[in-house]
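In case you want the letters, here they are:
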There are 2 protein chains.
Amino acid sequence: MIRDVGPFVPAGVHFIPAHPIAGTEYSGPEAGFASLFDERWAILTPVPGSDGMAVDKLKTFWKGLGSQVDVMDSGHHDLVLAITSHLPHLIAYNIVGTAHDLEKVTEGEVIKYSASGFRDFTRIAASDPTMWRDVFLNNREAVLEVLGRFNDDLKILQDAVAQGNGDLLFDTFTRTRAIRRAIVDLGQDTAAPNFGRKS
Amino acid sequence: MIRDVGPFVPAGVHFIPAHPIAGTEYSGPEAGFASLFDERWAILTPVPGSDGMAVDKLKTFWKGLGSQVDVMDSGHHDLVLAITSHLPHLIAYNIVGTAHDLEKVTEGEVIKYSASGFRDFTRIAASDPTMWRDVFLNNREAVLEVLGRFNDDLKILQDAVAQGNGDLLFDTFTRTRAIRRAIVDLGQDTAAPNFGRKS
């Protein structure tokens, strides 16, 4: 994206790529709301030669919207977003697709019994297809890197299930709890059961 | 489970396996609340020779708790739960583990930027490790069957990302939206953005 836009920036115009880590599964101006950026983070990825004063001004802008601000290079940004956003979306789209295609379990059954875990994945799998197609086309390298790691890890769990290795499963399921707790402690999610929705 | 319990059921006692499709990431009696079963489903899996009157009585019991009731054989139950519950949990545990282990992205970054998608997975990855270890040890065959399908489907998306096949990505991302809509329409989830939690 930076590579595409860069050549078209006129002299005297500051080009500082940035975006918020906030939003919902809905798109467009009508999907906005006043507290959208409160406690969330905005990431700025200045390009070589970006003006320091302009970067500071942009920081102030985002803080004025209620956001917290981080600055990093675009390569690291792509990797951070690949694991925190792009891979979760790809996995969510994929499992909803798998459930849709199973012959032995009907779509009606998947929908009826979705409260057992499946429905958590369907929210982000309802995100805008055009935007997400473009995300994956533009962040190909980082997405494939974290997806490779995900596949390696899943193979280990798959083998543990196949071989009845309960200790490995238990250890894995235990350490993932700490991350959830840290996300809630840092105000990045609610501790209410089921995200606070009715059961 | 049915195989394990069956031999110990005394004569004159009706044994009808059943469980609700409801609950949160919290466990134990304190995690219960009055509306827990409202609009949710309970599944009964009568065994060969189960008494019809006893099955009806159990149906009435679950309906009295506010639940809807379905009856199916235990083999189909295992497959239905494998896709709607067990696979989602395995995938969620796995992606949280992958994020935890990445060297190039810190755990602090994963936590800070989790609102971009990742945090949706952390809720069910905070579920009770002992219970989930036992689920995977006891429903091995059905879990491995749906996991195989998930892996095959993910390979197709992985290739599409690697080859820049935007049409395939767009088509996949479009059809998954319909399932989300059906889940909301059937009262199995909220249509509020972000599950109704703050952004």
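Residues numbered from 1 in each chain as written. Chains lettered and ligands numbered in written order. Predicted model: local features only at pLDDT ≥ 70, side-chain atom pairs only at ≥ 80, totals over all residues. Heavy atoms only, no water.

1. As for the domain arrangement of chain A
Residues and elements named next belong to chain A. Just so we agree on the cut-off: Start and end positions for the domains come from either an automated domain assignment or a database one. Two residues form a contact once any of their heavy atoms are found within 4.5 Å. What counts as buried area is the accessible surface, traced by a 1.4 Å probe, that two parts surrender upon association, with contributions from both included. Salt bridges are identified by distance alone: a Lys or Arg side-chain nitrogen within 4 Å of an Asp or Glu carboxyl oxygen. Whenever a nitrogen or oxygen atom comes within 3.5 Å of another N or O atom, the pair is scored as a polar contact, on the condition that within protein one atom can donate a hydrogen and the other can accept it, and that pairs from neighbouring residues in sequence are kept only if both atoms are in side chains. The numbering of helices and of strands both runs from the N terminus, where a helix is a DSSP run of H or I of at least 4 residues and a strand a run of E of at least 2. When residue character is reported, Ala, Val, Leu, Ile, Met, Phe, Trp, Tyr, Cys and Pro are called nonpolar, Asp, Glu, Lys and Arg charged, and the others, Gly included, polar.
What the domain assignment lists for chain A is domain 1 (1-72) and domain 2 (74-139). Computed from C-alpha atoms alone, the centre-to-centre distance between domain 1 and domain 2 is 25 Å. Of the residues lining the interface, 11 residues belong to domain 1; the matching set on domain 2 comes to 10 residues. It is His19, Glu25 and Met72 that lose the most area in domain 1 upon contact with domain 2, and together they represent 54% of the buried surface on that side. Between Arg123 and Glu25 there is a salt bridge; the shortest N-O distance is 2.8 Å. Our count for the domain 1 to domain 2 interface comes out at two residue pairs in polar contact (both at pLDDT 80 or more). Of all elements in the fold, only α1 (2-5) and β1 (18-21) reach the threshold of two or more residues within the side of domain 1 that touches domain 2. A class-by-class count of the residues in the side of domain 1 that touches domain 2 yields five nonpolar, four polar and two charged.

2. Points about the interface of chain B and chain A
Frequently, the measure chosen for interface size is the accessible area removed from exposure when the parts meet. Facing the 109 residues of chain B at the interface are 109 residues of chain A. Summing the contributions of chain B and of chain A, the shared interface buries around 10,700 Å²; its carbon and sulfur component is 64%. The tally of links between chain B and chain A comes to 10 salt bridges. With a shortest N-O distance of 2.6 Å, Lys112 of chain A and Asp70 of chain B are connected by a salt bridge. Those elements that place two or more of their residues in the side of chain B that touches chain A are β2 (41-44), α3 (74-101), α4 (107-112), α5 (119-122), α6 (129-138), α7 (140-163) and α8 (166-185) of chain B. Counting residues per element, the side of chain B that touches chain A draws most heavily on α3 of chain B, which supplies 22 residues. A class-by-class count of the residues in the side of chain B that touches chain A yields 55 nonpolar, 29 polar and 25 charged.

3. Some words on the side chain of Asp120 of chain A
With respect to the secondary-structure elements, Asp120 of chain A resides in helix α5 (residues 119-122). Once you skip the residues sitting within four places of it in the chain, Asp120 of chain A turns out to touch Phe195 and Arg197 of chain A together with Asp120, Arg123, Ile124 and Phe195 of chain B.

4. Here we look at the relation of the copies chain B and chain A
The test is simple: A least-squares superposition brings the copies together, and it is based on the C-alpha atoms of residues with pLDDT no lower than 70 in both.
Mapping chain B onto chain A calls for a screw motion: a turn of 180° about the axis and a shift of 0.0 Å along it, with 0.0 Å RMSD after fitting. Put plainly, the chains are arranged around a two-fold axis. The overlap is high: 100% of the interface residues of chain B also sit at the interface in chain A, so the same surface is used on both sides.

5. Focus: the packing of aromatic side chains
Let me state the cut-off plainly: In this scheme Phe, Tyr and Trp rings, the latter by its six-membered ring, pair at centre separations within 6.5 Å, and the angle between planes marks the pair as stacked below 30 degrees, edge-to-face above 60, and tilted otherwise. Buried residues are those whose accessible area, probed at 1.4 Å on protein chains only, stays under 20% of the maximum for their type, while exposed residues exceed 50% and partly exposed ones sit between those limits.
Across all of its chains, the model carries 14 aromatic pairs over all chains by this definition. Aromatic side chains Phe173 of chain A and Phe136 of chain B sit 5.6 Å apart centroid to centroid with 55° between the ring planes, which places their arrangement in the tilted category. Note that Phe173 of chain A is positioned in helix α8 (residues 166-185) and Phe136 of chain B in helix α6, a pairing that runs across two chains. For the pair shown, Phe173 of chain A and Phe136 of chain B are each scored as buried. Plain terms: the ring middles of Phe195 of chain A and Phe195 of chain B are 4.7 Å apart, the flat faces sit at 0° to each other, and that makes the pair stacked. Taken as a pair, Phe195 of chain A in the segment after α8 and Phe195 of chain B in the segment after α8 lie in two separate chains rather than in one. In terms of burial, Phe195 of chain A and Phe195 of chain B fall into one category: buried. An aromatic cluster is built from Tyr93, Trp132 and Phe136 of chain A together with Phe173 of chain B, whose rings are joined through pairwise contacts.

6. Observations concerning α8 of chain B
Cut-off, in case you're wondering: Given the number of residues in a helix, its expected span is that number minus one, multiplied by 1.5 Å. Picture the helix axis, draw a direction to every C-beta atom, and the arc is the one those directions span.
Between its first and last C-alpha, α8 of chain B extends 30 Å over 20 residues, near the 28 Å set by a 1.5 Å rise per residue. Buried within α8 of chain B are the following residues: Gly166, Leu169, Thr172, Phe173, Thr176, Ile179, Arg180 and Ile183 of chain B. With its buried residues spanning 145° around the axis, α8 of chain B presents them on a single face. Seen from the open side of α8 of chain B, the exposed residues pointing more than 90 degrees away from its buried face are Asp167 and Asp185 of chain B. If you follow the buried residues of α8 of chain B, they end up packed against α3 (74-101), α4 (107-112), α5 and α6 (129-138) of chain A together with α7 of chain B.

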